[in-house]
Amino acid sequence: MSTDPSPTTAPRGRYVLHTKTGWMVFAATATIALVVVPLLNRLPSESSVLHVPDFAVPLLGKFLCYAIVALALDLVWGYAGILSLGHGVFFTLGGYAMGMHLMRVSAGEGVYRSELPDFMVFLDWKELPWYWRGFQSLPFALAMALFVPGALAFVFGYFAFRSRIKGVYLSIITQALTYAFSLLFFRNATGFGGNNGLTDFKRLAGFSLQDPNTKLGLYVASGVALAASYLLCRFVVAGRVGKVLTAVRDAEPKARFSGYDTVRYKLFAWTMSAVLCGVAGALYTPQVGIINPSEMAPSSSIEMVLWVAVGGRGTLVGAIVGAFAVSGAKSWLTASLPSAWLYCLGALFIVVTLVLPRGLAGLPDAARKLRATFERRRRTGAKVDARASEGVASETREERA
Amino acid sequence: MTRPPLFLRIDDVSVTFDGFRALDHLSLAIDQGELRCIIGPNGAGKTTLMDVITGKTRPDSGTVQLVADTCDLTELAEHEVVRHGVGRKFQRPTVFQGHSVIENLELAVHGSKSVWRALFVRLDAEQRRTIDEVLDRIGLADRAHDEAGTLSHGQKQWLEIGMLLAQRPKLLLVDEPVAGMTHQETERTAALLQSLAGDHTVVVVEHDMDFVRSIAQKVTVLHEGRVLAEGSMAAIQADPRVVEVYLGA
């Protein structure tokens, strides 16, 4: 046994978030999203090809929110191996918290000019239910947008992980969770606007939601939130916690026998993921102008999983790319060829599973491998040709002899 | 020669699975620094015994005590048992396939394993020294940065033993360490385990009789969830009951 171990074999004491190139790509992407796009919306004239039209700003903002959800999902699925088919519930709860605030600050400006939200007047309710109290304060609503999804995830996760429910069983329960919540929110009596959800928002923090400047502001806020979420997730997965999470994903019993309380690690990632979804939901509602229980439908949560699957799991970047690619394609297709979207979605799922198990993030690697194979084949092919022609030459020589 | 102090006391442990008695009022005592081999035919309860000690299976009755700690291991969860200094190597080599060799050791190394600490924790000098020592000891220093999934079967077994050592356990439970190993690898493993005894208390479950013969100081034979015989390898081999249930078969 050596008493003076060489320092070269020891792992470095610090963890690296990004390589230099990685930071440059991050900075460039952030600049484009947070500076270039807003400038292209404000500066060029509307006829210019460079102009980003006003309608595109909240659309892009919506994609940014989706990307935060995809990140959150990648954290639990890609790293900890927990496939959630119910992340829509956390996203929507965050959205409702913000929606409730927007309803409260628009009080008196609805169709019925009542202090109560229109749907409550319609239901002939006389006063605000207790759980609506406090939401006229923006800080309170924002806190709830983080706290409610986080608390739900914590309680759900605590019981699920402690009972060692894993894999497909856990996925099914998460699906049931979001479905149950959608049924609950569909009911008028629950007090969240039932089927229609919350809509007809007027302003946020004093700014009119109809004003393009407000929309641009929300877009930038979403971009900042995405960048911050990304760095936070990167920080978690680059350090010891990320290594433990992947260890749990690959061999949970072994992680336990290495001294890790795997329930706590899973619970940490799971709750953090839900809180990020809450942030995304809170930013989503004012940009889209409506939040309703269909966001909690099982199919919405499955679509979220698809973003990560298409982008490539366990890379974080892939999740963001996937969210943009899939929801971009959806926006475009549902406008130009509405009937084709579901077929495309199904086809996409099959193609990704069969051909690109590592998603778009795996493309560079796959391409490199493919090229290497071609190269090798060409080289060996050339050698075979050379040998063949040599053989022919020697044969002819022999013949001559 | 004075007898070393008692280290682990297993007292009257019973485990039943769906009516099948895997362990039947089993009692066993292991001394500090001992290298004990546990043998027995299939279904004798060897692996169940390991499961009980490490908190994976809760017994119907009985206690498992680390004498120095005076705590009952049967009341603890797996990760808590580990924190009391018990390390276990599984029958099939289980390492974290996607992590490099050195990351595997880093995950196993002694120190706080709490999630909040893990967010900001860095390896300290002592942990790094441990990792280097272990890498040397298991002979994988030149593979340190390779993915554990790319190691050979024998190397994975060693890495797993290395992960145990990095935890700095007082008690090592090793389940069939040489299954599937080549002759050479088996010899190296025997030497490794023998070098560990003394500083650590080592319990080995093994089927390979040649291997047991080569390392054993004291052998316990389990049969139908009970201790059938205990003693030196020579005494065991001479015992007619043992021959009947196990060796003769």
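If you're wondering where the values come from, they're calculated on a predicted model, not measured in any experiment.

1. Notes on the overall build of chain A
Alright, step 1. Along its length, chain A carries 13 helices and 4 strands.
Alright, step 2. Projecting the C-alpha coordinates of chain A onto the three principal axes gives extents of approximately 110 × 65 × 40 Å.
Alright, step 3. For chain A, the proportion of its 401 residues judged to be buried stands at 40%.
Alright, step 4. Taking all contacts inside chain A whose residues are at least 6 apart in sequence as the whole, residues at least 24 apart take part in 78%.

2. As for the overall build of chain B
Alright, step 1. Scanning chain B from N- to C-terminus turns up 10 helices and 10 strands.
Alright, step 2. The C-alpha atoms of chain B give 18 Å as radius of gyration, which agrees with the globular expectation for 249 residues (18 Å, within 12%).
Alright, step 3. For chain B, the spread of C-alpha atoms along the three principal axes comes to 55 × 45 × 40 Å.
Alright, step 4. Burial analysis of chain B (249 residues in total) assigns 45% to the buried set.

3. Description of the pairing of strand β8 (residues 201–205) of chain B
All names here are of chain B.
Alright, step 1. Of all 5 residues in β8, 5 are buried; the element is thus mostly enclosed.
Alright, step 2. The two faces of β8 match: Thr201, Val203 and Val205 on one face and Val202 and Val204 on the other face are all buried.
Alright, step 3. Bridging between strand β3 (residues 35–39) and β8 involves 4 bridges; their strand directions are parallel. Residue pairing for β8: Leu35 is matched across the bridge by Val202.
Alright, step 4. As paired strands, strand β7 (residues 171–175) and β8 are joined by 5 bridges and run parallel to one another. Considered in β8, the bridge of Leu172 is made with Val202.
Alright, step 5. Each parallel crossover has a hand, and for β7 linked through helix α7 (residues 183–196) to β8 it is right-handed.

4. Side note on helix α12 (residues 341–355) of chain A
Alright, step 1. Compared with the 21 Å implied by 1.5 Å per residue over 15 residues, the 20 Å span of α12 of chain A between its first and last C-alpha is a close match.
Alright, step 2. Across the 15 residues that make up α12 of chain A, only a small minority, 1, are buried.

5. Digging into the nonpolar core
Alright, step 1. Counting residues in hydrophobic clusters, the biggest one holds 165 residues, and the most contacted among them are Ile68, Val69, Ala70 and Leu71 of chain A.
Alright, step 2. Residues within four places of Val69 of chain A in sequence aside, it is in contact with His87, Phe91, Cys277, Ala280 and Met304 of chain A.

6. Section: the interface of chain B and chain A
Alright, step 1. Tallying the contact residues gives 35 residues for chain B and 27 residues for chain A.
Alright, step 2. Mapped onto the side of chain B that touches chain A, the elements with two or more residues apiece are α2 (78–83), α3 (101–108), α4 (115–120) and α5 (125–137) of chain B.
Alright, step 3. Of the residues forming the side of chain B that touches chain A, the biggest block, 8 residues, is contributed by α5 of chain B.

7. A closer look at helix α2 (residues 56–79) of chain A
Residue and element names in this part refer to chain A.
Alright, step 1. For α2, spanning 24 residues, the distance from its first C-alpha to its last is 33 Å, which sits close to the expected 34 Å at 1.5 Å a residue.
Alright, step 2. By the largest-angle criterion, Leu73 marks the main kink of α2, which is about 30°.
Alright, step 3. For α2, the tally of buried residues reaches 21 of 24 residues, placing the bulk of the element in the interior.
Alright, step 4. Downstream of α2 by a residue or two, Gly81 has a phi angle that is positive, lying close to 75°.

8. A closer look at the environment of Leu204 of chain A
Residue and element names in this part refer to chain A.
Alright, step 1. Mapped onto the secondary structure, Leu204 falls in strand β2 (residues 203–204).
Alright, step 2. As for Leu204 and Ala176, which are separated by 28 residues in sequence, their C-alpha atoms are 34 Å apart.
Alright, step 3. Sequence-distant contacts of Leu204, that is, excluding residues within four places in its chain, are made with Leu102, Leu209, Thr214 and Pro286.

9. Side note on the pairing of β7 of chain B
Residue and element names in this part refer to chain B.
Alright, step 1. Of all 5 residues in β7, 4 are buried; the element is thus mostly enclosed.
Alright, step 2. By the bridge criterion, 4 bridges tie strand β6 (residues 86–89) to β7 in an arrangement that is parallel. Looking at β7, one finds that Val86 is bridged to Leu171.

Conventions adopted
- Residues numbered from 1 in each chain as written.
- Chains lettered and ligands numbered in written order.
- Predicted model: local features only at pLDDT ≥ 70, side-chain atom pairs only at ≥ 80, totals over all residues.
- Helix = DSSP H or I, 4+ residues; strand = E, 2+ residues; numbered from the N terminus.
- Buried ≥ 20, exposed ≤ 12 C-beta atoms within 10 Å, placed from the backbone.
- Contact = placed C-beta atoms within 7 Å.
- Rg over C-alpha atoms; globule rule 2.2 N^0.38 Å.
- Pairing = 2+ DSSP bridges.
- Right-handed = clockwise from strand over helix to strand, strands pointing away.
- Expected span 1.5 Å × (residues − 1).
- Core = buried A, V, L, I, M, F, W, Y, C linked by C-beta atoms within 7 Å.
- Bend = angle between axes of the 7 residues up to and from the residue.

That is the geometry; function is a separate question.
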